[in-house]
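Residue-level listing of the chains:
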Amino acid sequence: MTEANDLQQRLDLSEEKNALNNKVAVAVAIISVFMAVSKVKDDNIVQAMLQAKSDQVDTWNEYQAKKLKQHLAELGLNQVAAIGALAPRESSAALERQKKEYGENIARYKGEEEKLAARALGLGKQYDDLNYRDDQFDLSDATLAVSLAMLAIASLTGKKKLLYLALALAGFGIVMGVAGLAGLPLHPTALVRALS
């Protein structure tokens, strides 16, 4: 009778382990598919972040060039004023034209600078908004990767508690991934800062 009981216990353990392995297999498949989909979206967000940052740098460079041109025009205007004080009356018409041209250029550069500064600041905000979503995908990816490792260990050891812990982590990872995909305002800022 003890052999029969022993055999029955081994069969029960084997069935229990198979059931656990089946759950692990399903969880791994679901997590892997979700990770693949969210990875594509995350990569697109990273590309958009790079483009926004590049555009922002280019815009600030253009802003600086306009500032330089404005400064040169202001210096020219000062020189015209100094020459006008020393020049004979015959050249005053030419100096007035030059003065007017410098003044117009200065006004134009100031207007262009304001637009460029606003555009650069807008691109900075766009980058920050994209980074917010990228953080969501990063947290999703990290917790899902940890949960996959824990699922493998749960399968090897047959520990149900480890399976449930892995599924809880996977749940958090999926929630963060869905937040990133849907653009939801879910962002554990303290956790993100700790990992930065």
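What this report covers is the structure whose coordinates are included nearby. (Residues numbered from 1 in each chain as written. Predicted model: local features only at pLDDT ≥ 70, side-chain atom pairs only at ≥ 80, totals over all residues. Heavy atoms only, no water.)

1. A look at the side chain of Asp134
Mapped onto the secondary structure, Asp134 falls in helix H2 (residues 92–157). The buried charged residue Asp134 lacks any salt bridge, with Lys39 as its nearest oppositely charged partner at 7.6 Å. Once residues lying within four places of it in the same chain are set aside, the contact partners of Asp134 are Asp42, Ile45, Val46 and Met49. (Helix = DSSP H or I, 4+ residues; strand = E, 2+ residues; numbered from the N terminus. Buried < 20%, exposed > 50% of the residue type's maximum accessible area, 1.4 Å probe, protein only. Lys, Arg positive; Asp, Glu negative; His and termini not counted. Salt bridge = Lys/Arg side-chain N within 4 Å of Asp/Glu carboxyl O. Contact = heavy atoms within 4.5 Å.)

2. What about the pattern of salt bridges?
Overall, the coordinates contain 6 salt bridges when judged by the stated rule. The salt bridge partner of Asp43 is Lys39, with a shortest N-O separation of 3.4 Å. Note that Asp43 and Lys39 are positioned in helix H1 (residues 2–86) at a spacing of 4 residues, about one turn of the helix. Of the residues examined, Asp43 reaches a relative accessible area of 34% and is grouped as partly exposed. Across the pair Glu113 and Lys67 runs a salt bridge, and its minimum N-O distance is 3.6 Å. Of this pair, Glu113 sits in helix H2 while Lys67 is found in helix H1, placing the two residues 46 residues apart along the sequence. By sharing partners, the salt bridges in this structure join Lys66, Arg108 and Glu112 into a single network.

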